[in-house]
Amino acid sequence: MKTIWKYELETLDIFGLEMPRGAEVLTVQMQHEKPCLWALVDASEDKENRSFTIHGTGHHVRSAENKFYVGTYQLMGGDLVFHLFELKDS
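Below is a short write-up of the structure. (Residues numbered from 1 in each chain as written. Predicted model: local features only at pLDDT ≥ 70, side-chain atom pairs only at ≥ 80, totals over all residues. Heavy atoms only, no water.)

### Let's talk about the overall build of the chain
Let me state the cut-off plainly: To qualify as a helix, a DSSP run of H or I must reach at least 4 residues; to qualify as a strand, a run of E must reach at least 2; elements of each kind are numbered from the N terminus. Between the two quantities, the radius of gyration covers C-alpha atoms and the globule rule is 2.2 Å times the number of residues to the power 0.38. The criterion used for residue contact is that any of the two residues' heavy atoms lie within 4.5 Å. To be clear on the numbers: accessible area is Shrake-Rupley with a 1.4 Å probe, and residue cover counts the displayed protein chains and nothing else.
A count of helical and extended segments in the chain gives 0 helices and 7 strands. Secondary structure of the chain in N-to-C order comes out as β-β-β-β-β-β-β. Taken over C-alpha atoms, the radius of gyration comes to 13 Å for the chain, in line with the 12 Å a tight globule of 90 residues would show. Along the first, second and third principal axes, the C-alpha atoms of the chain reach 40 × 35 × 15 Å. Residue pairs at least 24 apart in sequence account for 63% of intrachain contacts in the chain once pairs closer than 6 positions are excluded. Surface exposure of the chain reaches about 6,100 Å², of which carbon and sulfur atoms provide 48%.

The following block contains the structure:
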């Protein structure tokens, strides 16, 4: 059986999350002034590490070949805008 899990995020350049294998990343949005990622998971699956990167609007983005867009969130009333990508092996 699958359920939806929430992961609170810190705004870091690159970070990893331990998620059940095969988790489907759904979205990233703000909740209670914190960026959060939601994923559809099968909790009975073994855990795996997934890699993510965050880029601010106007910041340089190195090669986008292995980056898959998840979503955008805003901090400080929209003064700071960040874009979350999952990093996948080529």
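### Comments concerning the sheet that holds strand β6 (residues 67–75)
Here is the rule: DSSP bridges decide pairing: two strands pair if at least two such bridges lie between them. Helix axes are fitted to C-alpha atoms over the stretch in contact, other axes to C-alpha atoms as well, and angles between N-to-C directions run from 0 to 180 degrees.
With respect to topology, 4 strands assemble into an open sheet ordered β2-β5-β7-β6, the strand pairing being antiparallel. In the strand order of this sheet, the two ends are held by β2 (14–20) and β6, each with one partner. The sheet shows a mean angle of 30 degrees between the axes of neighbouring strands, direction not considered. In the sheet, β6 pairs with strand β7 (residues 80–87) via 8 bridges, with the strands oriented antiparallel. For K67, the partnering residue across the bridge sits in β7 and is L87.

### Observations regarding the pattern of salt bridges
Stated precisely, the cut-off is as follows: The rule for a salt bridge is simple: a side-chain nitrogen of Lys or Arg has to be within 4 Å of a carboxyl oxygen of Asp or Glu. For the exposure calls, accessible area comes from a 1.4 Å probe over protein chains only, and a residue counts as buried if that area is under 20% of its type's maximum, exposed if over 50%, partly exposed in between.
The full count for this structure, using the stated rule, is 5 salt bridges. A salt bridge links E48 to R50; its shortest N-O distance comes to 3.5 Å. Classification of R50 by relative accessible area gives buried; the value is 10%. Salt-bridge contacts for E86 lead to R50; the nearest nitrogen and oxygen are separated by 2.5 Å. With E86 in strand β7 and R50 in strand β5 (residues 47–56), the pair connects residues that are 36 residues apart, well separated along the chain.

### Quick notes on the nonpolar core
Threshold: As used in this record, nonpolar core signifies buried Ala, Val, Leu, Ile, Met, Phe, Trp, Tyr and Cys residues forming a set joined through side-chain atoms within 4.5 Å.
Counting residues in hydrophobic clusters, the biggest one holds 18 residues, and the most contacted among them are L17, M19, L37, F52 and L84. Contributing elements (two or more residues each) for this core: β2, β3 (24–31), β4 (34–42), β5, β6 and β7. Excluding residues that lie within four positions of it along the chain, L84 makes contacts with L9, F15, V28, L37, F52, T53, I54, F68, Y69, V70 and G71.

### Details of the sheet that holds β4
Taken in spatial order, the 3 strands of this open sheet run β1-β4-β3, and their pairing is antiparallel. Taken across any chain shown, the strands that pair with only one partner, and hence form the sheet edges, are β1 (2–8) and β3. Sheet twist, expressed as the mean angle between neighbouring strand axes with direction ignored, is 25 degrees.

### Side note on the environment of R62
With respect to the helices and strands, R62 occurs in the loop between β5 and β6. The spatial distance from the C-alpha of R62 to the C-alpha of M19 is 26 Å, given a sequence separation of 43 residues.

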